[in-house]
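# What the coordinates show
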Amino acid sequence: MRITGISTHVVGTPWRNLTYVQVHTDEGITGVGETRMLGHTDALIGYLREAEANHILGSDPFAVEDLARRMKYGDYGRAGEIVMSGIAVVEMACWDIKGKALGVPVWQLLGGKVTDKVKAYANGWYTTERTPEAYHRAAQGVVERGYRALKIDPFGTGHFELDHRETLYAVSLIEAVRDAIGPETELMLEMHGRFSPATAVRLAKEMAPFKPAWLEEPVPPENLKALEKVAAKVDIPVATGERIHDRIEFRELFDSQAVDIIQPDVGHIGGIWETRKLAATAETHYMLVAPHNVGGSVLTAASLQVGFTSPNFKILEHFNDFADAEIKKVVKGAPEVVDGYFHLSDAPGLGVELDVDAAAEFPQQQARFDLWAEGWEQRKPKGTQ
């Protein structure tokens, strides 16, 4: 079997463009992959156009490791977010082809299942007025849908510091959310790399009474020493990793023991197999894995293949029941959350199919998502209000 070409399809919303890639073969089997780029969708498509000619055409889709390695190192330049995302979408599609050809789900090819279900946590649910009352109602809605975990960034446009008034307001939002969801639902606290170490530590102590399940990206990701400073002074588990795009770059993070939960994005770190390798290394450091997942249903399905096969997999992020949920219709067989969990599927490959006609109903947009802009949490960029 050989790859005869690829096709790209961008599904657009005001705040995110989702790039789907179909990989076609000479035996008529087509696989699909997906990623979500922030402001770099055209760059990704341009890279894939060159990579198709230089590396992908004529390749054996069963030789996933070889193709990914050639795409990463064959151009000699150091691979960054765009290249690693390009590798990821092609790599996912190859696993999909492999599973379909053999008639088995991808998780079976990764060593088999270690669990029948993966816990989900909701994100994108607080696209509402930023008040305790509105957040209380929205959080209740999440629990009523069966979710047993959710995540929130309550810090407005905070950057490095957060003044006393804004701190009190953020606390009031979290207090309302915890009251709405009760004591048993997990509450993940997102900081989006906003703060200085001192501010992150102070805020973590303010939020401690509400029992956060983790403290995510408390400081910008470029300075590991700053993260170590935070980790040494808080009792809440620390999570990070969505903006690391190469498995090798996790090495110093592992050595530091500064985090408890790593959050690679399967769509940015080279795909399913790279993430599974990373999960295995995390296991040797007694760390959990909870992938960043702001994509649609194909990326969710790909992330679940890692989840069903990794003993240290904690939970998977899910936006698609809340933020522009209508995009789920572009994928047939989209994974669904039932009673707070994704459940094992025996469907071959990734178990999903891209509906090209449905995808065409959501053309690419000039998607913008500025975490330092007023009202960012509503995910409605200026001009779309």
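Small disclaimer: the values here were computed from a predicted structure and weren't measured. (Residues numbered from 1 in each chain as written. Predicted model: local features only at pLDDT ≥ 70, side-chain atom pairs only at ≥ 80, totals over all residues. Heavy atoms only, no water.)

### So, the UniProt feature "domain: Mandelate racemase/muconate lactonizing enzyme C-terminal" (unreviewed entry) in the protein chain
Listed under "domain: Mandelate racemase/muconate lactonizing enzyme C-terminal" (unreviewed entry) in the UniProt record, and renumbered for this structure, are residues 132-237. Taken end to end, residues 132-237 is 47% helix and 11% strand, and its two terminal C-alpha atoms sit 25 Å from one another. (UniProt positions renumbered as here; feature names shortened; annotations may be inferred. Helix = DSSP H or I, 4+ residues; strand = E, 2+ residues; numbered from the N terminus.)

### Focus: the side chain of Glu317
Note on placement: Glu317 falls in strand β11 (residues 316-318). By relative accessible area, which is 2% here, Glu317 ends up buried. Polar contacts involving the side chain of Glu317 include one to the side chain of Asn123, which spans 2.8 Å. Here Lys151 takes part through its side chain, which lies 3.3 Å from a polar atom of the side chain of Glu317. Apart from residues lying up to four places away in sequence, Glu317 is in contact with Tyr121, Asn123, Lys151, Pro291, His292, Asn293 and Val294. (Buried < 20%, exposed > 50% of the residue type's maximum accessible area, 1.4 Å probe, protein only. Polar contact = N/O pair within 3.5 Å; in protein donor to acceptor, adjacent residues only side chain to side chain. Contact = heavy atoms within 4.5 Å.)

### Some remarks on the packing of aromatic side chains
For the structure shown, the criterion picks out 12 aromatic pairs. Here Trp95 and Trp273 contribute two aromatic rings whose centre-to-centre distance is 6.1 Å and whose plane-to-plane angle is 55°, an arrangement assigned as tilted. Remark: Trp273 occurs in helix α10 (residues 272-284) and Trp95 occurs in helix α3 (residues 81-102); sequence separation between them is 178 residues. In this structure Trp95 comes out as buried when scored by relative accessible area, which is 6%. Here a set of aromatic residues connected by ring pairs shows up, and it is made of Trp15, Trp125, Tyr126, Tyr135, Phe319, Phe369 and Trp376. A cation over an aromatic ring shows up here: Arg145 above the ring of Phe322, its NZ or CZ 5.3 Å from the ring centre. Directly above the aromatic system of Trp372 lies the positively charged group of Arg194, at a separation of 5.5 Å from the ring centroid. (Phe/Tyr/Trp six-rings, centres within 6.5 Å; stacked < 30°, edge-to-face > 60°. Lys NZ or Arg CZ within 6 Å of the ring centre and 35° of its normal.)

### Overview of the pattern of salt bridges
Within the structure shown, the criterion is met by 26 salt bridges. Note that Arg130 and Glu166 form a salt bridge whose closest N and O atoms lie 3.6 Å from each other. You can see Arg130 sitting in the loop between β4 (117-122) and α5 (132-144) and its partner Glu166 sitting in helix α6 (residues 164-181), a full 36 residues away along the chain. Residue class for Glu166 comes out buried when judged on its relative accessible area of 17%. (Salt bridge = Lys/Arg side-chain N within 4 Å of Asp/Glu carboxyl O.)

### Digging into α3
Here α3 contains 22 residues, and its C-alpha end-to-end distance of 31 Å stays within 8% of the 32 Å for a straight helix at 1.5 Å per residue. Where burial is concerned, most of α3 is hidden: 17 out of the 22 residues are buried. Following α3 by one or two positions, Gly103 adopts a phi angle in the positive range, close to 75°. (Expected span 1.5 Å × (residues − 1).)

### Observations regarding unusual backbone geometry
Unlike most non-glycine residues, Tyr76 shows phi in positive territory, near 70°. For Tyr76, the location among the structural elements is in the loop between α2 (64-73) and α3. Here Tyr76 falls in the exposed class, since its relative accessible area comes to 78%. The phi torsion at Glu217 lies on the positive side, around 40°, for a residue other than glycine. As for its position among the elements, Glu217 is in the loop between β7 (214-216) and α8 (224-231). We classify Glu217 as buried; its relative accessible area is 2%.

### Concerning the packing of α6 against helix α7 (residues 197-207)
Pairs of packed helices are described in terms of their axes, by the angle between the two and the distance that separates them. Their axes nearest at 10 Å, the elements α6 and α7 cross at an angle of 40°. Taken together, the axes of α6 and α7 lie oblique to each other. The handedness of the crossing between α6 and α7 is right-handed. Contacts between α6 and α7 involve Thr167, Ala170, Val171 and Ile174 from the first element and Arg202, Leu203, Glu206 and Met207 from the second. Taken together, the residues that form the contact of α6 with α7 break down as five nonpolar, one polar and two charged. (Axes fitted to C-alpha atoms, helices over the stretch in contact; angles between N-to-C directions. Parallel < 35°, antiparallel > 145°, perpendicular 65-115°, else oblique. Left-handed = near helix turned anticlockwise from the far one by under 90°. Nonpolar A, V, L, I, M, F, W, Y, C, P; charged D, E, K, R; others polar.)

### A few points about the side chain of Lys119
Along the chain, the position of Lys119 falls in strand β4. The exposure class of Lys119 is buried, given its relative accessible area of 17%. Here Glu186 takes part through its side chain, which lies 2.9 Å from a polar atom of the side chain of Lys119. In contact with Lys119, not counting residues within four places along its chain, are Arg148, Ala149, Glu186, Lys314, Ile315, Leu316, Gly340 and Tyr341.

### Notes on helix α1 (residues 41-56)
Helix length check: α1, at 16 residues, gives a terminal C-alpha distance of 19 Å against a target of 22 Å (1.5 Å per residue), a shortfall beyond 12%. At Glu50, α1 is deflected by roughly 30°, the largest bend along its length. Of all the positions in α1, only Thr41, Leu44, Ile45, Gly46, Tyr47, Leu48, Ala51, Glu52, His55 and Ile56 are classed as buried. The positive-phi residue at the C-terminal boundary of α1 is Gly58, with phi of around 85°. (Bend = angle between axes of the 7 residues up to and from the residue.)

### A closer look at the domain arrangement of the protein chain
Its domain assignment divides the protein chain into domain 1 (3-105) and domain 2 (108-349). Each of domain 1 and domain 2 has a C-alpha centre, and these two points are 25 Å apart. Counting residues at the interface gives 32 residues for domain 1 and 37 residues for domain 2. With both chains or domains summed, domain 1 and domain 2 bury close to 2800 Å², and 61% of this area falls on carbon and sulfur atoms. Applying the counting criterion to the domain 1 and domain 2 interface returns four salt bridges. In this structure, Arg16 and Asp324 form a salt bridge, with 2.5 Å as the shortest nitrogen-oxygen distance. (Domains from an automatic or database assignment. Buried area = accessible area lost by both parts, 1.4 Å probe.)

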